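# Examining the three-dimensional arrangement
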Amino acid sequence: MTDSAIQVQPVIMAGGSGTRLWPLSRARYPKQFLILSGNTSLFQQAATRLAALAAPDLSLAQPLIVGNEEHRFLILDQLQEAGQDPCAVLLEPLGRNTAPALTLAALQALESGQDPVLVVTPADQTVTQPQAFTASLQQAVRLAADGTIVILGVKPDRAETGFGYIHGHAEGESLVVEQFVEKPDAATAERYVSDGNYCWNSGMFVLRASRWVEALQRFRPDILTATRAAFEARKIDAKFVRPGKAEFAAIPSESVDYAVMERCPGSDLPLRMLALDAGWSDLGAWDAVWQVSDKDADGNASRGDAMISDSKNTLVHASSRLVSVVGLENVVVVETADAVLVSDRARSQEVKHIVARLDAAKREEQTLHRKVHRPWGWYDSIDSGSRFQVKRIMVKPGATLSLQMHHHRAEHWIVVSGTAEVTNGDKTILLSENQSTYIPLGQTHRLANPGKVPLEIIEVQSGAYLGEDDIVRFDDSYGRQ
């Protein structure tokens, strides 16, 4: 690494909700944290790809993450699994689209007194040719070092109506961006592909942190002013950076494209596009998952315990049980423990309408899986009825739940495996496999795993009300109220 190496700050935008991949993607566990391609989550894949950008002339910082407050422990857990340590995790208290998110990242990057090149990528994409991806991003960094704003366009291999397009003309090794185009109809998309000068908009940008601030000051100073106010009101908790909540709520909601990128053509701000040819997909809907999946001789793709007979070009995703299909063509079948989706593959973008109806009806299937992840582990609600609920609970080694009590329910705990440290009123006991205890209604209690292997218990709740909001926390290692 030379003294004149370009300072590079990877930025992963991890705040999306992934509504078109319901029922696997939920508001509290969206698609970027799911394993949809390969053996790691899309978020982990994004972090791994960016870690490969280092070169003799590029000084690479630890990744900067912008995500949702609800997903903060998912972010840290998955980065740890991927062997990565973020320089900071900027937590949005509510969604304000990508322009404020990128502004937070730029302000954080400038705090060091340097002006790094930001390599900005969504957390929910997949790439099948990582070496080509790395080469393109490194080229983009070198181009952006002189103040150029670089956008990564993807060479289209089909007439896709689900993506936005960018039109440009070649000049040297990059393209001068002339126009951003909204998602076209099928005939227009065919024309774009035939033209050869249109690329899909990947949502990946490379630019100096100061250049983004300058561009936003020119085109949307209201967003910059409001975001700066939220950033200045931030609170820092270890790796977590929390902008001021009231100030953040006042920020106008806008995308990077609408706020800045689409205004650059015709201005004096240099905007270039590099055409990316690296097997890219944004996995925006189930049809895209089928596109990148391994298929049999009839074009069928499957994941989990699936049996497919006399079917063509069909995707079956089984999460919790055997799913069998017969005589289907161009269909998507997705099964989870609490919901099943069956869709025409060509119409899988419309799944978002189902999610909107679930949200309007305030149904939990839009928000949570039956299996709910927590910073200490997870719980799976395996059965329930009038005045009872049964949960399977896993606690990570060394993890501790909050010291708490319930007004409306009692609990029975049975240890299945591992060792449980149980605080029950003024007593603390150790329980091993096949031992159990009873937590009376109103009793202060806590569960911890003092061992080196995961703790699994079965919890049987009984009482008049069993909602998750019947928790009074007295002490919590994770800062929850």
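A short tour of the structure in this document, coming up. Values in this document were obtained by computation on a predicted structure and should not be read as measured data.

## A look at the nonpolar core
Core analysis: the biggest nonpolar cluster contains 83 residues, and Phe43, Val206, Trp286 and Leu447 have the highest contact counts within it. For this core, the element with the highest residue contribution is helix 4 (residues 130–144), accounting for 5 residues. Apart from residues lying up to four places away in sequence, leucine 447 is in contact with Val395, Thr400, Leu401, Trp413, Ala420, Glu421, Val422, Leu455 and Ile457. Core analysis: the second largest hydrophobic core is formed by 47 residues, Ala99, Leu102, Ala106 and Phe180 among them.

## Side note on the sheet that holds strand 28 (residues 436–439)
Pairing between the strands of a sheet is mediated by backbone hydrogen bonds and can be parallel or antiparallel. A sheet is described by the order of its strands in space; here 6 strands give the open sequence 21-22-23-30-25-28, paired in antiparallel fashion. Lying at the two open borders of the sheet, with one neighbouring strand each, are strand 21 (371–374) and strand 28. The mean inter-strand angle of the sheet, taken between neighbouring strand axes irrespective of direction, is 20°. Sheet topology places strand 25 (residues 409–417) next to strand 28; 4 bridges connect them, and they run antiparallel. Paired with isoleucine 414 across the two strands is serine 436, which belongs to strand 28.

## A short note on the environment of isoleucine 6
Among the structural elements, isoleucine 6 can be located in strand 1 (residues 6–14). Separated by 332 residues in the primary sequence, isoleucine 6 and aspartate 338 place their C-alpha atoms 49 Å from one another. Leave out the neighbours within four places in its chain, and isoleucine 6 touches Asp57, Leu58, Ser59, Val117, Val141, Arg142 and Ala145.

## Describing helix 7 (residues 221–232)
Because the α-helix completes a turn every 3.6 residues, residues three or four places apart line up on one side. The end-to-end C-alpha distance of helix 7 is 16 Å, a good match for the 16 Å that 12 residues give at a rise of 1.5 Å each. Along helix 7, the residues classified as buried are Ile223, Leu224, Ala226, Thr227, Ala230 and Phe231. Where the residues of helix 7 are buried, they touch strand 4 (88–92), helix 3 (98–110), helix 6 (209–219), helix 8 (245–249) and helix 9 (256–259).

## Let's talk about the packing of helix 3 against helix 6
Packing of helix 3 against helix 6 brings their axes to within 9 Å, and their N-to-C directions diverge by 130°. In terms of orientation, helix 3 lies oblique with respect to helix 6. Both helix 3 and helix 6 take part in a crossing whose hand is left-handed. Residues Ala99, Leu102, Thr103, Ala106, Ala109 and Leu110 of helix 3 lie in contact with helix 6, whose contacting residues are Ala209, Ser210, Trp212, Val213 and Leu216.

## Concerning the packing of helix 6 against helix 7
When two helices pack together, their arrangement is captured by the angle between the axes and the distance separating the axes. Where helix 6 meets helix 7, the closest approach of the two axes is 5 Å, and the angle between their N-to-C directions is 120°. Taken together, helix 6 and helix 7 sit at an angle that is classed as oblique. Contacts between helix 6 and helix 7 involve Val213, Leu216, Gln217, Arg218 and Phe219 from the first element and Pro221, Ile223, Leu224 and Arg228 from the second. Of the residues belonging to the contact of helix 6 with helix 7, the class tally is 6 nonpolar, 1 polar and 2 charged.

What counts and what doesn't
- Residues numbered from 1 in each chain as written.
- Predicted model: local features only at pLDDT ≥ 70, side-chain atom pairs only at ≥ 80, totals over all residues.
- Heavy atoms only, no water.
- Core = buried A, V, L, I, M, F, W, Y, C linked by side-chain atoms within 4.5 Å.
- Buried < 20%, exposed > 50% of the residue type's maximum accessible area, 1.4 Å probe, protein only.
- Helix = DSSP H or I, 4+ residues; strand = E, 2+ residues; numbered from the N terminus.
- Contact = heavy atoms within 4.5 Å.
- Pairing = 2+ DSSP bridges.
- Axes fitted to C-alpha atoms, helices over the stretch in contact; angles between N-to-C directions.
- Expected span 1.5 Å × (residues − 1).
- Parallel < 35°, antiparallel > 145°, perpendicular 65-115°, else oblique.
- Left-handed = near helix turned anticlockwise from the far one by under 90°.
- Nonpolar A, V, L, I, M, F, W, Y, C, P; charged D, E, K, R; others polar.

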